[in-house]
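Architecture and fold: a report
One letter stands for each residue in the lines below.
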Amino acid sequence: MPFAAFFVAVCLLLCIPDRTRKALLCLLLGAAAGLAAARHTNARLEQTLEKYAGQTVALTAEVESVSASYYPGIVDAVLRVERVNGRAAEFRVECDTLPVCEAGERVEGRFALEAPEPADRTTLFADGVVLWAREPQAFARLGKSSSFRARTGRLQKRLSTSLRGEMNEDAGGVLAAMTVGDRNYLSSALRSAYRGAGLSHVLVVSGMHVSILCGNVFGSVFGRRRRERSYRSRRVKALFTAFLALLLAGVTGFTPSVCRAAVAVWVSALGVWVYGASDALTSLAAAGILMTVRNSYAVCDIGFELSFAAVLGTLAGAELSRHLHALFAAHATRKKKPAVLQRILRHVRSSLTETVCIGVCASAAAFPVLVLRGLSVSIYAVLSGVAVLWLVQPMLLLSLGTAFAGLVPVAGPLYLLLGKAAEALTGLLNRWAVWVSAKPGAGLYFDTNYAALVCLLLMALCGLAHVWKVRLRVAVPGLLLTAALAIGVGNALCRDVVHIDLVGSANSPAVVVSQNHTAVVLFRGGASTQRAVENQLARRGVTTVELLADLRLDPENACTLPARTMCRVAVQPVGSAVTRQTQTAAVETLRTRFGCLVRLTIGEQQFVTVSGTVTLAEPVRAQWLLASPAKPEAVQWEQLLSRSDHYQWMQGGEAVYASLSLRPSGGWRAE
């Protein structure tokens, strides 16, 4: 709640031109507005939880998104509820036991609604999900929905299929992700490579993509000078760009980054109609207020935070580049050079300075969000931005042309030509990402508490440099040296620490054991769990999965995580035990007729997890139980790691943690 209030206060501060005299009033009004919005959101969510949690009700809902599940014939889905027991309602639920259906359909049935786990509430509330829906009965599919989101979702599917038609798998997956927001065909290896190269934002449709489309597609149509002289033409252009931003937001699923950019476009379009000058900070602030006025938890979404941080960094970089360009221009006038050479040097210097300044400032602004969220960072983000980000605009325009040309049968030759050109440029970007991600420093992980102290220290140094009016030639090297020393000390402190994390849903959690950029994964679940595992590997800066153990006995979809060694319990003989040694842990898998038991040995600590039904003559003793819904009757444990505190076999009263860190000295910390 205080964070939401602070965010709204900052947004209102950006809207007020005279910040010197009105800053205090703005902060007070913003804090009050933020507190009011947060209280309203909490009251609405708590009312929904009290009204429906623990009940079995009849729901009529629209399927917003689906992903493969752990069980055959079942999918994980997010539903937008339309009616509850025949009465109109409006909230979202997540269901991990929904019979197979497609996004954009309407369904009905009786569902048991449950409150989400306390550890997951903030993340789910940020996405607008209030409840879990379990055990659907009397389930029926009602056909396709006619809502705007359902229609744009079907358009996304058609464009993605058309775009990937004649391309190789890697190029098609990347272009589908960055053009229409379809990330289902993006391989795990490329996801990791783009993260390591500092280019993961390219794979997410964001403000950069909206700016390219609105500035180039309709800018070229309405950008002729004679037409621009007419204010009517500017209004028509504003309407078209606003419609394009709305369509793009719908096609990509109304993600926070696209919504932020779309609202900024709408505010600019409104300014054209009311004769108001466009202002980037005002548009950004209006986007933040409009996106949080209904759900104040939206500020807790990492995509939302990164989007706003990157935009602020971009604006700061653009301002810095203008100052540097003015200094370079004043210095250039003192030297006598040919006019043509001066123009060429001025253009090259201006472009390079702007690219570097924006890249550095955007990376610096996103750095606190990444490290405070426990994500890894790449030291090559600025280098990648300067080297290959110029490819994004032609790739985006070519892929859009390919997608739409594929919908027209007579445009076959044009479709092939545009597709091959887009595929060639994407191949260059992919090769750069793979090459850079293999370099040292591609994935740096920081302890969250330590990262917070480092960010506060850097902010304090920046404030002191501004107050004491320290020259840039002294302040910038000092800040860079401090950041480098902090990174070195942080890596030294985190070295050899073993992290054990339970990720995914409480119904089928996976286990990720990581140490020094390597990991062991005990996998169960579906596509959503695999994405959760990939995100956790990225947070820990893991570059190599030494062992991937698939604990599923009857998997519907194969796990596609890249690993040095893959073992599947389903093909292991019943009654056999296999031990595999890795740098991180010794992994022993015991297969029974209806399940399996896995024991991890890390130093002097032993961890056990059970999948399915396991019955032994004597119980296995371990310091830690990695809990799941399966009954651990064959295990005796001292401590517990769990994603849930109300599994059916639990007695209650036990301390429950979802993450554990083991230090080489023998100490541990649970979270």
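Residues numbered from 1 in each chain as written. Predicted model: local features only at pLDDT ≥ 70, side-chain atom pairs only at ≥ 80, totals over all residues. Heavy atoms only, no water.

1. Overview of the overall build of the chain
Helix and strand content of the chain: 19 helices and 18 strands. In the chain, the proportion of contacts linking residues at least 24 apart, taken out of those at least 6 apart, comes to 61%. (Helix = DSSP H or I, 4+ residues; strand = E, 2+ residues; numbered from the N terminus. Contact = heavy atoms within 4.5 Å.)

2. As for the pattern of salt bridges
Enumeration according to the criterion identifies 16 salt bridges in this entry. We note a salt bridge from Arg80 to Glu64, for which the minimum N-O separation is 3.8 Å. In this pair, Arg80 is assigned in strand 2 (residues 74-84) and Glu64 in strand 1 (residues 56-68), connecting sequence segments 16 residues apart. When salt bridges that share partners are traced, they join Glu62, Glu64, Arg80, Glu82, Arg92, Arg106 and Arg149 into one network. (Salt bridge = Lys/Arg side-chain N within 4 Å of Asp/Glu carboxyl O.)

3. A few points about the nonpolar core
In this structure, Val174, Leu175, Met178, Tyr194, Leu199, Met395 and Leu429 are the most contacted members of the largest nonpolar core, which totals 46 residues. Sorting the residues of this core by element identifies helix 4 (148-164), helix 5 (169-180), helix 6 (188-196), helix 7 (207-222), helix 9 (231-251), helix 10 (256-273), helix 15 (392-405) and helix 16 (412-437) as the ones contributing at least two each. The element contributing the most residues to this core is helix 16, with seven residues. Filtering out sequence-adjacent residues up to four positions away, Val174 remains in contact with Leu186, Leu190, Tyr194, Leu203, Thr426 and Asn430. If you look at the next biggest cluster of nonpolar residues, it comprises 26 residues, including Leu49, Tyr52, Val57 and Cys95. (Core = buried A, V, L, I, M, F, W, Y, C linked by side-chain atoms within 4.5 Å. Buried < 20%, exposed > 50% of the residue type's maximum accessible area, 1.4 Å probe, protein only.)

4. Considering the packing of aromatic side chains
Under the criterion given, the structure shown has nine aromatic pairs. Ring centres 5.6 Å apart and planes at 55° place the aromatic pair Trp432 and Trp435 in the tilted group. Of this pair, Trp432 and Trp435 both sit in helix 16, three residues apart, roughly one helical turn. In this structure Trp435 comes out as partly exposed when scored by relative accessible area, which is 49%. Between the aromatic rings of Trp624 and Trp668, the centroid separation amounts to 5.1 Å while the plane-to-plane angle is 85°, which identifies the pairing as edge-to-face. In this pair, Trp624 sits in strand 15 (residues 620-626) while Trp668 sits in strand 18 (residues 668-670), placing the two residues 44 residues apart along the sequence. Ring pairs connect the aromatic residues Phe607, Trp624 and Trp668, which therefore count as one cluster. (Phe/Tyr/Trp six-rings, centres within 6.5 Å; stacked < 30°, edge-to-face > 60°.)

5. Section: the sheet that holds strand 17 (residues 659-662)
Spatially, 10-9-8-7-6-17-18 is the arrangement adopted by the seven strands of the open sheet, whose pairing is mixed. In this open sheet, the two strands that pair with only one neighbour each are strand 10 (565-568) and strand 18. When the angles between neighbouring strand axes are averaged without regard to direction, this sheet yields 10°. Where strand 7 (residues 510-515) meets strand 8 (residues 518-523), five bridges bridge the pair, whose relative direction is antiparallel. Paired with Gln515 across the strands is Thr518, a residue of strand 8. (Pairing = 2+ DSSP bridges. Axes fitted to C-alpha atoms, helices over the stretch in contact; angles between N-to-C directions.)

6. Things to note about the confidence of the model for the chain
For the chain, per-residue confidence averages 82 on the pLDDT scale, and residues scoring 70 or more make up 89% of the total. Within the model, pLDDT remains below 50 along residues 220-228, and this stretch shows 13 contacts once partners closer than five positions in the same chain are excluded. (pLDDT = per-residue confidence, 0-100.)

7. A short note on the state of the cysteines
Enumeration over the complete set of coordinates arrives at zero disulfides. The closest cysteine sulfur to the non-disulfide-bonded Cys361 is located on Cys357, 6.3 Å from its own sulfur. (Disulfide = S-S within 2.5 Å.)

8. Structural notes on the sheet that holds strand 4 (residues 105-114)
Reading around the circumference, 1-2-3-5-4 is the order of the five strands in this closed barrel, with mixed pairing throughout. Strand after strand, the sheet turns through a mean of 50° between neighbouring axes, direction not considered. Across nine bridges, strand 2 lies against strand 3 (residues 87-99) in antiparallel orientation. Across the sheet, Arg83 pairs through a bridge with Ala88, a residue of strand 3.

9. Quick notes on the packing of helix 4 against helix 5
Interhelical geometry of helix 4 versus helix 5 gives an angle of 145° and a closest axis separation of 9 Å. Crossing angle aside, the handedness with which helix 4 passes helix 5 is right-handed. Contacts between helix 4 and helix 5 involve Gln156, Leu159, Ser160, Leu163 and Arg164 from the first element and Gly172, Leu175, Ala176, Thr179 and Val180 from the second. Among the residues making up the contact of helix 4 with helix 5, the classes are represented as five nonpolar, four polar and one charged. (Left-handed = near helix turned anticlockwise from the far one by under 90°. Nonpolar A, V, L, I, M, F, W, Y, C, P; charged D, E, K, R; others polar.)

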